[in-house]
Amino acid sequence: AKYLKADRDVVLEAVRHDGTALRFAAGGLRADRRVVLEAVGRNGEALEYAAQSLQADRCMLFESVRQNGEALEHAAATLKADRGVVLEAVRQKCSALRYAAAPLKIDREVVLEVLRQDGMALRAAEPFQADREVVLEAVRQKGEALRFAAQCVRADRDVVLEAVRRDGSALEHAAESLQAWRWCRHVMIGRPR
């Protein structure tokens, strides 16, 4: 019934069980801060159904992305360019980076945060594939990420050592000059040097 969709108590109860039930609420309740906070606290994706004014509200977006980083998709454009909001979103779910404004997709700190969760994301971080610190972060998470590093970094002994500690087969992606080194082979098969 239409009148129930406009009943604040009914809608609050509904979003407490399923945040996305906000989509059925009357327009005025989609702009009600308490109702929307309850909804996004249960499911960050509920932000999609909130009034535009709340989609542009930084505090509301923080609540949403803390629950589900992918809620960044439904944020106002200005907030997709907010470094703090994007960092929070990628901390919760690294794939949220795809919804960030272009300049933040190549922000070093944001990229490092993504790589802490998914080292293989280095493949898409082309501007950082020659950055030793960034590649080190990627291989600490996933040794195989060495394959996406620039050749100069693949020749860095410490980076390669970290990669093969995580995944012995990462040696395949090391610079040729390092592949024959005795220390790599020992790390790969677990023998002391």
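Shown above is the structure to which this text applies.
Keep in mind it's a predicted model, so treat the numbers as computed, not measured. (Residues numbered from 1 in each chain as written. Predicted model: local features only at pLDDT ≥ 70, side-chain atom pairs only at ≥ 80, totals over all residues. Heavy atoms only, no water.)

We now examine the overall build of the chain. Each helix and strand in the chain was counted, giving 15 helices and zero strands. Against the compact-globule benchmark of 16 Å for 193 residues, the chain has a radius of gyration of 22 Å, which places it well outside the compact range. In terms of overall dimensions, the chain has a C-alpha envelope of 75 × 30 × 20 Å along the principal axes. Buried residues in the chain amount to 49% of all 193 residues. (Helix = DSSP H or I, 4+ residues; strand = E, 2+ residues; numbered from the N terminus. Rg over C-alpha atoms; globule rule 2.2 N^0.38 Å. Buried < 20%, exposed > 50% of the residue type's maximum accessible area, 1.4 Å probe, protein only.)

Here we take up the pattern of salt bridges. Counting across every chain of the model gives 22 salt bridges. Between arginine 66 and glutamate 88 there is a salt bridge whose closest N-O contact spans 3.9 Å. In this pair, arginine 66 sits in helix α6 (residues 58-67) while glutamate 88 sits in helix α8 (residues 83-92), placing the two residues 22 residues apart along the sequence. A salt bridge links glutamate 109 to arginine 83; the shortest N-O distance between them is 2.7 Å. In this pair, glutamate 109 is assigned in helix α10 (residues 108-117) and arginine 83 in helix α8, connecting sequence segments 26 residues apart. Here glutamate 109 falls in the partly exposed class, since its relative accessible area comes to 34%. Residue arginine 83 is classed as partly exposed on the basis of its relative accessible area of 35%. Each of the salt bridges in this network shares a partner with another, and the network as a whole consists of Glu63, Arg66, Glu88, Arg91, Glu113, Arg116, Glu137 and Arg140. (Salt bridge = Lys/Arg side-chain N within 4 Å of Asp/Glu carboxyl O.)

Once that is clear, we can look at the packing of helix α2 (residues 8-17) against helix α4 (residues 33-42). The contact between α2 and α4 brings their axes to 8 Å, and the two run at 15 degrees. As summarised for this structure, α2 and α4 are arranged roughly parallel, according to the angle between their axes. Taken as a pair, α2 and α4 cross one another with a handedness that is left-handed. For the pair α2 and α4, contact is made by Arg8, Val11, Leu12, Val15, Arg16 and His17 and by Arg34, Val35, Glu38, Ala39 and Arg42, respectively. Class assignment for the residues of the contact of α2 with α4 results in five nonpolar, one polar and five charged. (Axes fitted to C-alpha atoms, helices over the stretch in contact; angles between N-to-C directions. Parallel < 35°, antiparallel > 145°, perpendicular 65-115°, else oblique. Left-handed = near helix turned anticlockwise from the far one by under 90°. Contact = heavy atoms within 4.5 Å. Nonpolar A, V, L, I, M, F, W, Y, C, P; charged D, E, K, R; others polar.)

Taken together, the buried positions of α4 are Val35, Val36, Ala39 and Val40. Angularly, the buried residues of α4 cover 120 degrees about the axis, an arc narrow enough to put them on a single face. The distance from a side-chain oxygen at the start of α4 to the backbone nitrogen of arginine 34 is 3.0 Å, and the residue carrying that oxygen is aspartate 32. (Arc of directions from axis to C-beta. Polar contact = N/O pair within 3.5 Å; in protein donor to acceptor, adjacent residues only side chain to side chain.)

This part takes up the side chain of glutamate 70. Examined against the element boundaries, glutamate 70 turns out to sit in the loop between α6 and α7 (77-80). Those residues in contact with glutamate 70 that lie beyond four places of it in its chain are Glu45, Lys93, Ser95, Ala96, Arg98 and Tyr99.

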